Amino acid sequence: MLFNSIPFLLFFPTICGLYYCIPADWVRLRNIFLLVASYYFYMSWQPVYSLLLLTSTAVTYLAALGIDYYRDRRKQKVCLVASLVLNLSILFLFKYYNFLASNIVDALTFMGLRLEMPVSKLLLPVGISFYTFQALGYSIDVYRGTTRVERDFLTYALFVSFFPQLVAGPIERSNNLLPQFRGKRTFDYESAMQGVRMMVWGYFLKLVLADRCGTYVDAVFSSLDKHNGGSYLIASLLFPFQIYGDFAGYSLIAIGAARILGFRLMDNFRRPYLSCSVGEFWHRWHISLSTWFKDYVYIPLGGNRVGRLRQYFNLMVTFVVSGLWHGANWTFVCWGALHGALLCVEKALGIGRREYHGLSRFLHWSVTFILVCLAWIFFRADTLSDACTIFTGIFTKLGVPFVKASDFGIIALSIGLLLLIALRQENLVPQKTLPSNRLGTSSFLSFFAIALMIAIIILFGVLDSSQFIYFQF
Amino acid sequence: MKKFLCSLFIIFVLWFGIDRIGGAGMQWVVWHTNEHFTKKICKIVSSVDADILLLGTSRCENHYVPSIIRDSTGLSVYNAGISCSASIFFHYSTLSHVLRYHTPKVVVLDTGESEFAATDYNLSMLNYYAPHIGRCAAADSIFQWAGMLNRNRFSHLYRYHSLSNMAIARLFMPENKREDNGYTPIDQPPSYPDNHGALQESRPRDEQKIATFRRFISLCRQHHIRLVLSISPSYYHISPHYYDVLRAIAEEEHLPLFDYDTPDLYIDHPEYFYNNSHLWEQGARLFSQQFAHDLKNYLSH
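Residues numbered from 1 in each chain as written. Chains lettered and ligands numbered in written order. Predicted model: local features only at pLDDT ≥ 70, side-chain atom pairs only at ≥ 80, totals over all residues. Heavy atoms only, no water.

(A) Highlighting the confidence of the model for chain A. Confidence in the prediction of chain A, expressed as mean pLDDT, is 88, and 95% of residues score 70 or more. For chain A, per-element mean pLDDT is lowest for helix H17 (residues 405–425) of chain A, which scores 83, and highest for helix H6 (residues 153–161) of chain A, which scores 94. (pLDDT = per-residue confidence, 0-100. Helix = DSSP H or I, 4+ residues; strand = E, 2+ residues; numbered from the N terminus.)

Below, the structure is given as structure tokens:
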């Protein structure tokens, strides 16, 4: 069930209505209801894959109980390692096995050896990387003693499967979300209206900005031989907005939906394309994943508390793994490695350690934006060879690009609106330029803005229930 | 909670107002834009007055030159072919809209497999008729069947969502002056198609399409229109049984079927083709002369 589909637009209000019919004091009943709704939501794709979700939930739940039960640190470690191995094995089997097998076969063929390995025909379960990481984060937190063990299986199962953020995040932390499931939730008008606004803005980003950019980007990237460097360049400049609109849009819909139900999920994006360094970009892009990798990979490797060379090594490992998390393809590995390398360079040169103003800010922003856009080419290309074709095409075959004037108008207006709002939120434009700063959640102007945005989405959105890019991860 | 529900209701009322005002604005855009298909469909739903109405896809739009057919038959001609409209559902809507205000003497349906075979393009281009929902009950019945009628009735802006960007963008651009009563010529290609492609085999039957095709035929009968089926040339080798279903229906319904494709009349002439399915202007003019001659003969009997 996609957020941008009619079934979800019927499912969500129904769930909200029924949820709030249950008295606020009946916390457990509300949780059971949300759990059933979440599994129904997940099972609308492939019902059988809910067993994987349940397995991951059960394994991490039992591991956490074991960690809590034993006082011996070694036994606790055994419980944690068992949880990590089981969960990562499932992830490996469904997501990385074919990649590894094909690379082994290729490597052996290169060395003149012949080996046949069976190919897995299993479909990649939707959201497996997200809920696996969320559940593993909980196991590690319990092991570290930074979160309280959850003894109620239903509450914990809801934490892993909560439908707004189940399939594409934000990857929640146990000490943020679990306490919210334990406590009483009363309806809050301001919060619910904020949720509505976030959902509408999220739909705008997905349906108008991302999917309009997608029509051009997909046309170019899917038939590179029919396009020239000019088209590659435009597609490479539009893809960053497509992926931002797609993923930030999804996150906003998720956060907004959760807020209407009375929950606060963590922010996932903070105007990443206004960053003045790649390091800053990673503090603003997919925050829930980047902080996950920081807390559970980078810091355990030694983080910044080690020598300079080891810090670079840690950064590279973290970003290569982060790239691999996005998909079993060398393009993602290269994308991650490129970001890791850029961060190492920034660290070596001391870039991003202070705030920039005026021309210096503009220059840093420009360079960062260009570097991030170039790195996205690896992310979007189907193969490394395609990525190379695009790079060489941009620099050697720059011709008259393929233009879709009708879509470009809408894309330009959407990016303009996005930029205006982002600049205001960053306090980079005078506050008077936009009135929305002073819009309350219940003012007429606020209602009108929401209604107008819905009308714009209906008129200019791509309403064909296209898939969210991050669902494949 | 009560306040929240009231707020949602106010938002809904405001949206409804914007939707209706915006819908009226978009209606104006649709009737004034120079976007090719939108403009052509406005003509189809309001002011076609030709004796011969040509229906079909881009193969109709780019192959039949009305002035040549008019000069030969002495009857006025309008080419209502629309690119990508590859299904009988669309042609049924087109004919229904025209019959609301005008009855042509002859309807030529440039047909292919889209009238009887299961393809991926059943509802392709049908959205272009969405702005005209409410004008013609028979055409609306196609939307109803496709499950698209209620959402188009509920939101007036939704009717324009698939064409809004193009219609607005083309509002300020000049119209296509080369159009001849609905016919749009294709320029000479830089190179002609160099092979016929693989042998084209028939796809499975689509009973819903065949039923609509029969409705289309009976609609012509009800209005005493002479229906002619025609298959224009392509640069493919096709299986001898490719059009068996179409031939059977034509025979059963006693309809003339002008087949310019199966006998491979043009297969040795890549110089007439823009690509495997489309004739460029020179090929279209040559084909139109042949078609006009055959049509004149048929009509004179």
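(B) Summary view of the side chain of A:Lys347. All names here are of chain A. Its location among the elements puts Lys347 in helix H14 (residues 330–349). For the buried residue Lys347, which engages in no salt bridge, the nearest side chain bearing the opposite charge is Glu346, 9.3 Å off. What Lys347 contacts, discounting residues up to four positions off in sequence, is Tyr298, Asn304, Arg308, Gln311, Tyr312, Leu315 and Arg353. (Buried < 20%, exposed > 50% of the residue type's maximum accessible area, 1.4 Å probe, protein only. Lys, Arg positive; Asp, Glu negative; His and termini not counted. Salt bridge = Lys/Arg side-chain N within 4 Å of Asp/Glu carboxyl O. Contact = heavy atoms within 4.5 Å.)

(C) A look at the interface of chain B and chain A. Listed as interface residues are 21 residues of chain B and, on the opposing side, 25 residues of chain A. Across the chain B/chain A interface, buried area totals approximately 2,000 Å², and carbon plus sulfur atoms make up 82% of it. Area buried by chain B at its contact with chain A is led by B:Phe4, B:Ile11 and B:Asn165, which between them contribute 27% of it. In this assembly, chain B and chain A are joined by zero salt bridges. On the surface where chain B and chain A come into contact, there are two residue pairs in polar contact (both at pLDDT 80 or more). Put simply, the parts of the chain that give the side of chain B that touches chain A at least two residues each are helix H1 (2–32) and helix H8 (164–169) of chain B. Here the residues of the side of chain B that touches chain A are counted per class, giving 15 nonpolar, five polar and one charged. (Buried area = accessible area lost by both parts, 1.4 Å probe. Polar contact = N/O pair within 3.5 Å; in protein donor to acceptor, adjacent residues only side chain to side chain. Nonpolar A, V, L, I, M, F, W, Y, C, P; charged D, E, K, R; others polar.)

(D) A look at the sheet that holds strand S5 (residues 257–259) of chain B. Residues and elements named next belong to chain B. The strand order S2-S1-S3-S4-S5 describes an open sheet built from five strands, whose pairing is parallel. The two strands at the open ends of the sheet, each matched to only one other strand, are strand S2 (77–79) and S5. The average undirected angle you get between the axes of adjacent strands in this sheet is 20 degrees. Relative to strand S4 (residues 226–231), strand S3 (residues 106–110) runs parallel, the two sharing five bridges. Counterpart to Val106 in the pairing with S4 is Arg226. Contacting strand S1 (52–55) and S3, helix H5 (residues 88–99) crosses the sheet at an angle of about 155 degrees to S1. In the packing of helix H11 (residues 281–300) onto the sheet, the strands contacted are S1, S3, S4 and S5, and the crossing angle to S4 comes to about 150 degrees. (Pairing = 2+ DSSP bridges. Axes fitted to C-alpha atoms, helices over the stretch in contact; angles between N-to-C directions.)

(E) Geometry of the pattern of salt bridges. Considering all chains together, one arrives at 20 salt bridges over all chains under this definition. Between A:Lys206 and A:Asp211 there is a salt bridge; the shortest N-O distance is 3.0 Å. For A:Asp211, a relative accessible area of 8% puts it in the buried group. One continuous salt-bridge network, built from bridges that share partners, spans B:Arg214, B:Arg221, B:Glu252 and B:Glu253.

(F) The arrangement of the domain arrangement of chain A in detail. Residues and elements named next belong to chain A. By domain assignment, chain A separates into domain 1 (6–186) and domain 2 (190–276 + 356–460). Put simply, the middle of domain 1 and the middle of domain 2, counted by C-alpha atoms, are 29 Å apart. Domain 1 puts 23 residues into the contact, and the matching count from domain 2 is 16 residues. Regarding the contact of domain 1 and domain 2, the summed buried area is about 1,600 Å², with carbon and sulfur atoms giving 72% of it. Interface area lost by domain 1 to domain 2 is led by Phe12, Pro164 and Pro170, which between them contribute 29%. Taken together, domain 1 and domain 2 are joined by zero salt bridges. Viewed at the interface, domain 2 and domain 1 are joined by eight residue pairs in polar contact (both at pLDDT 80 or more). Every element with two or more residues in the side of domain 1 that touches domain 2 is listed here: helix H1 (6–21), helix H7 (163–166) and helix H8 (174–182). (Domains from an automatic or database assignment.)

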